[in-house]
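Residues per chain, in single letters:
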Amino acid sequence: MKIIAVIPARYASTRFPAKLMQDLGGKTVISRTYQAAMNTNLFDDVFVVTDSNLIFDEIISQGGKAIMSSKEHESGSDRIAEAIADLAVDIVVNVQGDEPFIDKQPLEELLSVFRNDTKKEVDLASLMREITDLEEINNPNNVKVVVDQNRFALYFSRSVIPYPRETNVGVRFMQHIGIYAFRKQALLDFYSLPMKSLEASEKLEQLRYLEYGKRIKMVETTHIGIGIDTPEDLDRARKML
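Since the model is a prediction, treat every value here as computed from it, not as a measurement. (Residues numbered from 1 in each chain as written. Predicted model: local features only at pLDDT ≥ 70, side-chain atom pairs only at ≥ 80, totals over all residues. Heavy atoms only, no water.)

Chemist: Mind showing me how you'd approach the nonpolar core here?
Modeler: Within soluble globular proteins, side chains that are nonpolar generally end up buried alongside one another. Core analysis: the biggest nonpolar cluster contains 37 residues, and Ile7, Ile30, Phe43, Val48 and Val93 have the highest contact counts within it. At five residues, helix 4 (residues 104-115) tops the list of elements feeding residues into this core. Ignoring anything within four residues of it in the chain, the contact list for valine 93 reads Ile3, Ile4, Ala5, Val6, Phe43, Leu107, Leu111, Tyr180 and Ala181. Val6, Ala81, Val143 and Leu207 belong to the second largest nonpolar core, which has 27 residues in total. (Core = buried A, V, L, I, M, F, W, Y, C linked by side-chain atoms within 4.5 Å. Buried < 20%, exposed > 50% of the residue type's maximum accessible area, 1.4 Å probe, protein only. Helix = DSSP H or I, 4+ residues; strand = E, 2+ residues; numbered from the N terminus. Contact = heavy atoms within 4.5 Å.)

Chemist: I would appreciate a short explanation of the packing of helix 1 (residues 29-39) against helix 2 (residues 53-61) in the present structure.
Modeler: Two quantities define a packed helix pair, namely the angle between the helix axes and the distance between the axes. In contact at an axis separation of 10 Å, helix 1 and helix 2 are set at 50 degrees when each is read in the N-to-C sense. On the basis of the axis angle, helix 1 is oblique to helix 2. Crossing hand, helix 1 versus helix 2: right-handed. Contacts between helix 1 and helix 2 pair Ile30, Ser31 and Tyr34 from the former with Ile55, Glu58 and Ile59 from the latter. The residue inventory of the contact of helix 1 with helix 2, partitioned by class, reads four nonpolar, one polar and one charged. (Axes fitted to C-alpha atoms, helices over the stretch in contact; angles between N-to-C directions. Parallel < 35°, antiparallel > 145°, perpendicular 65-115°, else oblique. Left-handed = near helix turned anticlockwise from the far one by under 90°. Nonpolar A, V, L, I, M, F, W, Y, C, P; charged D, E, K, R; others polar.)

Chemist: Which parts of the structure should I look at to understand the pattern of salt bridges?
Modeler: Pairing is possible between side chains that carry opposite charge, provided their charged atoms lie close to one another. Overall, the coordinates contain twelve salt bridges when judged by the stated rule. With its nearest N and O atoms 2.7 Å apart, the salt bridge here joins arginine 208 to glutamate 199. Of the residues examined, arginine 208 reaches a relative accessible area of 6% and is grouped as buried. Classification of glutamate 199 as buried rests on a relative accessible area of 4%. For arginine 238, the salt bridge identified is with aspartate 235, shortest N-O distance 3.7 Å. Of this pair, arginine 238 and aspartate 235 both sit in helix 9 (residues 231-240), separated by three residues, roughly a single helical turn. Arginine 238 sits in the partly exposed class, given a relative accessible area of 37%. (Salt bridge = Lys/Arg side-chain N within 4 Å of Asp/Glu carboxyl O.)

Chemist: Looking at this structure, I do not really get the side chain of serine 126. What am I missing?
Modeler: Among the structural elements, serine 126 can be located in strand 7 (residues 124-131). Here isoleucine 179 takes part through its backbone oxygen, which lies 2.8 Å from a polar atom of the side chain of serine 126. Residues in contact with serine 126, not counting those within four places in the same chain, are Leu110, His176, Ile177, Ile179, Tyr180, Lys217, Met218 and Val219. (Polar contact = N/O pair within 3.5 Å; in protein donor to acceptor, adjacent residues only side chain to side chain.)

Chemist: Got a minute to help me understand helix 4 in this structure?
Modeler: An α-helical turn contains 3.6 residues, so a residue and the one three or four places further along point in the same direction. Along its twelve residues, helix 4 runs 17 Å from first to last C-alpha, staying within 8% of the 16 Å computed at 1.5 Å per residue. Burial in helix 4 covers these residues: Pro106, Leu107, Leu110, Leu111, Val113 and Phe114. Axial view of helix 4: buried residues confined to an arc of 140 degrees, hence all on one face. Capping of helix 4 at its N-terminal end is provided by aspartate 103; its side-chain oxygen lies 3.2 Å from the backbone amide nitrogen of glutamine 105. (Expected span 1.5 Å × (residues − 1). Arc of directions from axis to C-beta.)

Chemist: What is the right way to read the packing of aromatic side chains from this model?
Modeler: Geometry of an aromatic ring pair is reported as the spacing of the ring centres plus the angle between the planes. Scanning the entire structure with this criterion turns up three aromatic pairs. One residue, arginine 208, lies across the ring of phenylalanine 190, its end atom 3.9 Å from the ring centre. Over the ring of phenylalanine 152 we find lysine 217; its NZ or CZ atom is 4.8 Å from the centre of that ring. (Phe/Tyr/Trp six-rings, centres within 6.5 Å; stacked < 30°, edge-to-face > 60°. Lys NZ or Arg CZ within 6 Å of the ring centre and 35° of its normal.)

Chemist: Would you mind going over helix 1 with me for this structure?
Modeler: If you check which residues of helix 1 are buried, you get Val29, Ile30, Ser31, Thr33, Tyr34, Ala36 and Ala37. Immediately downstream of helix 1, the backbone of asparagine 41 shows phi near 60 degrees, a positive value.

Chemist: Please explain the environment of aspartate 123 as it appears in this structure.
Modeler: Checked against the element boundaries, aspartate 123 lands in the loop between helix 4 and strand 7. With residues near it in sequence (within four places) discarded, aspartate 123 still touches Phe114, Ala181, Phe182, Arg183, Ala186, Gly213, Lys214 and Arg215. Within the structure, the side chain of aspartate 123 is placed 2.7 Å from the backbone nitrogen of arginine 215, a separation counted as a polar contact.

Chemist: Quick question: what am I supposed to make of the packing of helix 3 (residues 76-84) against helix 6 (residues 184-192) here?
Modeler: Their axes nearest at 9 Å, the elements helix 3 and helix 6 cross at an angle of 115 degrees. Crossing handedness for the pair helix 3 and helix 6: left-handed. Residues Ser77, Asp78, Ile80, Ala81, Glu82 and Ile84 of helix 3 pack against Lys184, Leu187, Leu188, Phe190 and Tyr191 of helix 6. Residues of the contact of helix 3 with helix 6, tallied by class, amount to seven nonpolar, one polar and three charged.

Listed below in structure tokens is the structure:
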């Protein structure tokens, strides 16, 4: 089973333009993310896929592998699907370009889903963590997920799910952590299928997979990603480093 990591890297971030090319301890954010993915030793190959010549040249100049995206894309899944269409791979892991402090353990847990999936019932796997703070639960920027007894995703929403009409019945609120591992075919199918109403309404690309019958296995973790979305995040990252 050939496993690769792909790091989608847009230059024009809405909240923090050019964030991936910012300095983080003498290296750019995207270079640190690429090296962190390599250092996990989990992947047969690691690629950055980007719409930016600056990011492409940055990775190539450091001896890394990069792919130029030839089209405009609305989601990371679309950009990755274009990049891996002609690659001979089985499993593709989406590593966020703005998270240079990669935690190896949750990635190992995602990959174990496919190693144990002898019947190939899983199309993609992703992470979730329990949240208990009411502000976090009600925050529409925190995407929630509900699962069945086998931890396959039933639905993702920015709203509170499940709705707590009754309390003290053992309901747990789970936040979706947007790290994915895909079977190659699931990505290619996503790329060829049009957006439907649920995805358009919630602005959540993972709903396209569910609307077309793909099975998403959720893995519970305590991992909290350290993303760089603002200049303040970059300052904190520099202090951590």
